[in-house]
Amino acid sequence: YFDVKRLLAIVGVTVNLLQPHLDNVMKMRHDIIRFLLVLLLNRYPRVRRYTAEQLYVKLLEDGTALFDDNQQVDRANHLLLNVVWHEEHDPLGQILESRNMIADLLD
């Protein structure tokens, strides 16, 4: 339980690092997104769901300022919103596949 609380706090801090008005955010953006994508595959369903929710909100707010291609941001948001990230088991690999698609869209 303690690990989950700590990870949820880390997600919030990490997402808040994506501030488009900061000079060096574009240099860090790739690493920040990559770290959030790792959290989308976390073993705790609650962490995956919270990461997807927070990234979705951030992309809605600042996606056009952070990324050049609005269509790709929209597609990534569609996946973030429609995948069941809190699924306990992922026998069909939908979580992994969707996360990889998001990685390609936001790269």
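Up top is the structure these notes are about.
Brief notes about the overall build of the protein
Helix and strand counts for the protein come out as five helices and zero strands. Reading the protein from its N end, one meets helices and strands in the order α-α-α-α-α. Relative to its length of 107 residues, the protein is compact, with a C-alpha radius of gyration of 13 Å against a globular reference of 13 Å. Overall, the C-alpha framework of the protein stretches about 40 × 30 × 20 Å when taken along its three principal axes.

What to know about the packing of helix H1 (residues 2-16) against helix H3 (residues 45-66)
Running from N to C, H1 and H3 cross one another at 15 degrees; their axes reach a closest spacing of 10 Å. For the element pair H1 / H3, the angle class is roughly parallel. Crossing angle aside, the handedness with which H1 passes H3 is right-handed. For the pair H1 and H3, contact is made by Val 4, Leu 7, Leu 8, Val 11, Gly 12 and Val 15 and by Arg 46, Val 47, Tyr 50, Thr 51, Gln 54, Leu 55 and Lys 58, respectively. Taken together, the residues of the contact of H1 with H3 sort by class into eight nonpolar, three polar and two charged.

Examining the nonpolar core
In globular proteins that are soluble, nonpolar side chains generally tend to be buried together. Leu 59, Leu 80, Trp 85 and Ile 102 are the most contacted members of the largest nonpolar core, which has 29 residues in total. At the level of secondary structure, the elements contributing two or more residues to this core comprise H1, helix H2 (25-39), H3, helix H4 (70-82) and helix H5 (94-106). In contact with Leu 80, not counting residues within four places along its chain, are Leu 40, Ala 52, Leu 55, Tyr 56, Leu 59, Trp 85 and Ile 102.

With respect to the environment of Leu 40
With respect to the element layout, Leu 40 can be found in the loop between H2 and H3. When the C-alpha positions of Leu 40 and Leu 80 are compared, they lie 9.6 Å apart, and in sequence the two are 40 residues distant. Residues in contact with Leu 40, not counting those within four places in the same chain, are Arg 48, Thr 51, Ala 52, Leu 80, Trp 85, Ile 95, Arg 99 and Ile 102.

Rules used in this analysis
Within every chain, residues take consecutive numbers counted from 1 along the sequence as written. With pLDDT at 70 or above as the cut-off, local features in this predicted model cover only qualifying residues; side-chain atom pairs require 80 or more to be listed or tallied, and sums for whole chains, interfaces and linings still use all residues. The side-chain figures draw on all heavy atoms in the structure; neither hydrogens nor water molecules are used. A helix here means a DSSP run of H or I that spans at least four residues, while a strand means a run of E at least two residues long, and both kinds are numbered starting from the N terminus. The size measure is the radius of gyration over C-alpha atoms, and the globule rule it meets is 2.2 Å times the number of residues to the 0.38 power. Working convention: axes come from line fits to C-alpha atoms, limited for helices to the stretch in contact. Angles between N-to-C directions cover 0 to 180 degrees. Roughly parallel here means an angle under 35 degrees, roughly antiparallel means over 145, roughly perpendicular means 65 to 115, and every remaining angle is called oblique. Put simply, a crossing is left-handed when the front helix is turned counterclockwise from the back one by less than a right angle, and right-handed when it is turned clockwise. Throughout, a residue-residue contact means that at least one pair of heavy atoms, one from each residue, lies within 4.5 Å. Residue classes follow a fixed rule: Ala, Val, Leu, Ile, Met, Phe, Trp, Tyr, Cys and Pro count as nonpolar, while Asp, Glu, Lys and Arg count as charged, and any other residue, Gly among them, counts as polar. Grouping buried Ala, Val, Leu, Ile, Met, Phe, Trp, Tyr and Cys residues that are joined through side-chain atoms within 4.5 Å yields what is termed a nonpolar core. Relative accessible area decides the class of each residue, using a 1.4 Å probe on protein chains only: under 20% of the type maximum gives buried, over 50% gives exposed, and in between gives partly exposed.

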